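# An overview of the molecular structure
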Amino acid sequence: MDQDNNTINVKIERGVRGKEESGYDTFQVPFEEKMSVFNVLEHIGNYLDPSLAFYASCRIGKCMGCTLMVNGKRRLACTTLVEGDLVLEPDKKYPLVRDLVVDMGEY
Amino acid sequence: MSKNDVERYQADVVIIGSEGAGATAAVEIARRGLSALVVTKGNGVGRSGATITGEADLAVDSKTLHERFKMEACDPADSKETFFQDIVKGGKYINQQDIVEAHVEDGPERLQDLLNWGLKPLFVAKMSGHSYPRGVIVSAPEMIRIYRQKLQDSGSKVLTNIMVQEILHGNGQCSGVFGVNMKTGKSVVVQGKATLLATGGGMRIYPITTGPEELTGDGTAMALRAGVELMDMEFPMFLPGCFPWPKAVIGVNTPFKLSAAGMVHGHLLNKHGERFMAKWDPVKMERSTRDILAVGIWTEIMENRGSPHGGVFVSLKHLPDNLIEYIMEWLPPKYLKRYGGFDMKKFIPDLSRQAVESVPACHFFNGGIKIDVDCHTNLPGLYAAGEVAAGIHGSNRLSGNAFTDMIVWGHRAAVSMAADIEKGLSENPVDGDQIEAYGREVSEALERKSGESSQALRDRLMQTAWNNVGIVRTQGLLEQARDTLQELRSAYGNVALAFKERIYNREWLRYLELRNMIDNLECIARAGLSRQESRGAHYRKDFAKTDHKNWVANQVIKRGKDGLQITKIKTKITRMDPPTTIENYGT
């Protein structure tokens with residue numbers, strides 16, 4: 001984390017079905033106490049790079065739809081609090097749709 | 001658009017929405033030997049919708065719970081009649097009473113289904129607004145697990161990540177739906193003899209909500225565009241006690257649990273330290289009903305007596321330290337410390353020293369698509385069930401009735417659709433030109449080279465919802481909203497998306513949602529403007545009385561050639577006469 005201007009670096013793996021693992025992009029995101037990985041993704045998707053794809057629904061750790069890899073570990077974006085820089089990757093257990101969105105199937 | 005760009009699906013019954021009401025309907029349709037195709041915006045069953053978010057109680061009259069289900073802590077002095085009366089009183093007399101009768105009657109049968117399928121209720125509780133213990137507490141994830149299993153067993157196909165955008169219709173009959181498959185970026189046409197909307201509410205129009213991400217009022221908006229009648233749209237209800245901050249837990253209801261809801265008597269304070277509920281309900285104070293609490297809290301916020309993050313304060317500091325410690329000990333472990341997947345210890349300060357901030361969050365849409373007791377809309381072949389439908393709750397829903405709503409009405413819709421198919425309801429050919437036109441329409445903003453930002457419009461819409469069409473309304477605020485919405489609508493027609501690809505383009509998805517959000521908010525604002533009184537979830541500072549003399553009535557909204565047409569109709573009364581006086585709000 002860059003302590004001086006209070007931003008974090010967020011490195012996200014990009015890709016789309018048929019062109020998986022197209023490399024990483026890094027974003028600088030303003031840090032707030034007790035923000036979640038989902039809040040970070042929302043900020044990037046809404047205001048920095050609208051092409052970023054991610055999925056979330058309940059935001060309270062129940063639907064499991066926002067499962068992804070956070071710094072190499074399988075986590076939920078909504079209930080994982082941000083403590084510093086992040087590396088975000090899709091859950092490779094499922095086929096990739098785009099970026100962090102995977103096809104989890106019907107059920 | 002060439003024919004190959006359209007994915008086509010077909011079934012006897014098309015169901016939009018995969019959770020509570022939709023899943024219930026699909027299971028019953030399959031049981032009756034018909035094919036059901038479930039279409040969801042979500043990334044799979046259980047990964048969207050409000051059902052999974054419920055902290056859930058399911059309301060059934062206490063007598064039946066006691067006598068038929070042998071549940072503990074229930075009271076045989078209750079009856080279906082008393083339950084009916086509580087619902088109508090809670091809805092402030094504008095519930096459709098024939099619909100409430102069916103709701104009360106069918107509840108036990110649907111609870112029986114769930115028990116047969118393996119649901120294990122935790123306990124029964126008396127919830128606010130109910131005269132007896134009727135809240136059968138169930139685990140929402142457990143219900144979802146059961147729905148998943150039943151849907152799989154029923155052989156129903158589920159299409160995921162589909163943004164359904166329009167209802168296909170011609171010759172006065174529904175043919176199915178049109179949408180976009182986000183996974184492929186292609187147009188989707190789903191045809192059936194009967195189509196059910198079970199898409200839930202539109203709470204996401206408001207920036208602070210307990211609802212999930214995707215609930216943007218899609219069902220009501222597409223229905224409106226297809227000429228279908230909506231009703232009671234002025235009544236989105238708010239839960240008076242959610243975190244406005246920190247970011248990760250915005251909308252989580254811990255402050256409500258510490259004040260109005262339950263077992264702990266916290267004080268609601270404004271920035272002066274004043275217990276402001278004394279101005280609204282000097283007897284019950286923080287124990288007042290949810291609608292009055294919401295109005296009380298909102299007034300403090302509006303009049304600049306709120307907390308730093310846009311709420312008010314909930315404090316336990318009037319209690320001795322050792323009592324607060326003891327409360328934390330005897331409260332059920334999950335009550336405060338867990339919320340969904342959150343470890344709330346990280347967000348709750350030492351309550352002997354600090355207050356928490358609290359704001360009302362949009363929680364439920366009482367209004368929606370106008371239905372009859374068999375879930376028919378005014379468009380033959382189109383049905384609605386669950387939160388997307390109007391009529392059961394009137395102007396204010398009782399606790400537990402959201403879950404009863406989805407199981408009772410999902411099932412009733414299935415029975416009704418099956419009966420109509422049996423009687424000869426058949427497929428209505430899909431109009432190719434309509435598909436072509438919708439295909440062009442959804443792609444416009446992808447093709448436009450420069451124009452408005454969809455996100456900027458979405459932000460402005462949500463601000464307008466919060467500031468102008470929130471809990472405390474006035475003619476001035478609502479007129480301003482109506483004008484802003486006109487501007488937003490014309491700007492919407494000029495949106496150019498920055499990202500042009502079609503496969504899971506989140507900007508595109510949110511742009512499609514935005515149209516629905518605009519349509520919904522316009523209905524809420526316009527219906528709010530013409531209802532010149534205060535009732536349930538609709539409070540007008542400039543018309544602060546509840547006017548039973550003139551307003552035991554519902555407002556039906558339909559899109560005409562010159563915009564929205566609002567018609568005031570008499571509420572359907574079957575057996576409980578409403579008062580005829582003009583009363584203070586909340587009494």
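Higher on the page you've got the structure.
This structure is a prediction, so every number in the text was calculated from the model and none was measured. (Residues numbered from 1 in each chain as written. Chains lettered and ligands numbered in written order. Predicted model: local features only at pLDDT ≥ 70, side-chain atom pairs only at ≥ 80, totals over all residues. Heavy atoms only, no water.)

## Description of the overall build of chain B
When helices and strands are counted, chain B shows 15 helices and 25 strands. Compactness check: chain B gives a C-alpha radius of gyration of 23 Å against a globular reference of 25 Å for 587 residues, within 12% of the reference. By its C-alpha atoms, chain B is 75 × 60 × 50 Å across when sized along the principal axes. Long-range pairs, those at least 24 residues apart, make up 74% of the contacts in chain B with a sequence separation of at least 6. Counting only carbon and sulfur atoms, one obtains 48% of the accessible surface of chain B, whose full area is about 20800 Å². Measuring between centres, the 72 positive side-chain charges of chain B sit 2 Å from its 70 negative side-chain charges. (Helix = DSSP H or I, 4+ residues; strand = E, 2+ residues; numbered from the N terminus. Rg over C-alpha atoms; globule rule 2.2 N^0.38 Å. Contact = heavy atoms within 4.5 Å. Areas by Shrake-Rupley, 256 points an atom, 1.4 Å probe, with all protein chains shown as cover. Lys, Arg positive; Asp, Glu negative; His and termini not counted. Charge placed at Lys NZ, Arg CZ, Asp CG, Glu CD.)

## Quick word on the environment of B:Ser259
All names here are of chain B. Secondary-structure assignment places Ser-259 in the loop between α7 (254-258) and β12 (267-269). Judged by its relative accessible area of 1%, Ser-259 is buried. From its side chain, Ser-259 meets the backbone oxygen of Pro-255 in a polar contact 2.8 Å long. (Buried < 20%, exposed > 50% of the residue type's maximum accessible area, 1.4 Å probe, protein only. Polar contact = N/O pair within 3.5 Å; in protein donor to acceptor, adjacent residues only side chain to side chain.)

## Points about the interface of chain B and chain A
The figure often quoted for interface size is the accessible area lost as the parts come together. Tallying the contact residues gives 52 residues for chain B and 41 residues for chain A. Surface buried jointly by chain B and chain A totals about 3800 Å² across both partners, of which 53% is contributed by carbon and sulfur atoms. Among the residues of chain B in contact with chain A, B:Arg47, B:Lys247 and B:Arg506 are the three that bury the most area, contributing 20% of the side total. Summed over the shared surface of chain B and chain A, the number is 4 salt bridges. (Buried area = accessible area lost by both parts, 1.4 Å probe. Salt bridge = Lys/Arg side-chain N within 4 Å of Asp/Glu carboxyl O.)

## Some remarks on helix α14 (residues 475-492) of chain B
Residue and element names in this part refer to chain B. Given a rise of 1.5 Å per residue, 18 residues ought to cover 26 Å, and the 25 Å separating the end C-alpha atoms of α14 matches this to within 8%. Buried within α14 we find Leu-477, Leu-478, Ala-481, Thr-484, Leu-485, Leu-488, Ala-491 and Tyr-492. For α14, the arc enclosing every buried residue in end-on projection is 130°, short of the 170-degree limit, so these residues lie on one face. With respect to the buried face of α14, the exposed residues turned more than 90 degrees away are Gln-486 and Ser-490. Contacts from the buried residues of α14 go to α8 (290-302), α13 (454-468), β20 (472-473), α15 (506-530) and β21 (539-540). (Expected span 1.5 Å × (residues − 1). Arc of directions from axis to C-beta.)

## A few points about the pattern of salt bridges
Using the criterion set out here, one finds 49 salt bridges over all chains in the structure. Close ionic contact of A:Glu13 with A:Lys92 constitutes a salt bridge, the shortest N to O distance being 2.9 Å. One end of the pair, A:Glu13, is in strand β1 (residues 7-13); the other, A:Lys92, is in the loop between β5 (86-89) and β6 (96-98), and 79 residues separate them in sequence. B:Arg575 is paired through a salt bridge with B:Glu101; the nearest N and O atoms lie 3.3 Å apart. Highlighted residues: B:Arg575 in the loop between β24 (563-570) and β25 (582-584) and B:Glu101 in helix α4 (residues 97-116), separated in sequence by 474 residues. The class for B:Arg575 is partly exposed, based on a relative accessible area of 43%. By relative accessible area, which is 23% here, B:Glu101 ends up partly exposed. The structure contains a network of salt bridges with shared partners spanning B:Glu166, B:Arg225, B:Glu441, B:Arg489, B:Arg515, B:Asp519, B:Glu522 and B:Arg559.

## Notes on the packing of aromatic side chains
Residues and elements named next belong to chain A. Taken as a whole and judged by the stated rule, the model has 10 aromatic pairs over all chains. A ring pair is formed by Phe-38 and Phe-54, whose centres lie 6.4 Å apart and whose planes are at 70°; its orientation type is edge-to-face. Highlighted residues: Phe-38 in helix α1 (residues 37-48) and Phe-54 in the loop between α1 and β3 (67-70), separated in sequence by 16 residues. On the accessibility criterion, Phe-38 (5% relative accessible area) is buried. When its relative accessible area of 6% is taken as the criterion, Phe-54 is described as buried. (Phe/Tyr/Trp six-rings, centres within 6.5 Å; stacked < 30°, edge-to-face > 60°.)

## So, the pairing of strand β13 (residues 312-315) of chain B
All names here are of chain B. Bridging between β12 and β13 involves 3 bridges; their strand directions are antiparallel. Looking across to β13, one finds that Leu-268 is bridged to Val-314. Sheet analysis places β13 next to strand β16 (residues 356-365), joined by 3 bridges and oriented antiparallel. Bridging from a neighbouring strand, Phe-313 pairs with Glu-357 of β16. (Pairing = 2+ DSSP bridges.)

## Regarding the pairing of strand β9 (residues 186-197) of chain B
Consecutive side chains of a regular strand alternate in pointing toward one face of the sheet and then the other. Residue and element names in this part refer to chain B. Taking burial as the measure, the 12 residues of β9 include 10 buried ones, the bulk of the element. In this structure, strand β1 (residues 6-16) lies alongside β9, joined through 10 bridges in parallel fashion. Along β9, the bridge assignment pairs Gln-10 with Gln-191. As defined by bridge partners, strand β8 (residues 173-181) adjoins β9 across 6 bridges and the pair is classed as antiparallel. Residue pairing across strands places Asn-181 opposite Lys-186, the latter belonging to β9. Turn length for the β8-β9 hairpin, with the two strands adjacent in sequence and antiparallel, is 4 residues, and the turn residue Gly-185 shows positive phi of about 80°. For β9 and strand β18 (residues 382-384), the ladder comprises 3 bridges, and the chain directions are parallel. Paired with Thr-195 across the strands is Leu-382, a residue of β18.

## Quick word on empty space enclosed by the protein
Left-over empty space is what a probe sized like a water molecule reveals as it rolls over the atoms. Residues and elements named next belong to chain B. One pass over the structure, following the stated rule, counts 5 cavities of 30 Å³ or more. A volume near 190 Å³ is recorded for the largest cavity. Ranked by residues supplied to the lining of the largest cavity, first place goes to α15 with 4 residues. Here the lining of the largest cavity is composed, by residue class, of 6 nonpolar, no polar and 6 charged. (1 Å grid on protein atoms, 1.4 Å probe; cavity = no way out; pocket = protein on both sides within 12 Å on 5 of 7 lines; lining within 4 Å. Points joined across faces, edges and corners; volume = space filled by probe spheres on them. Nonpolar A, V, L, I, M, F, W, Y, C, P; charged D, E, K, R; others polar.)

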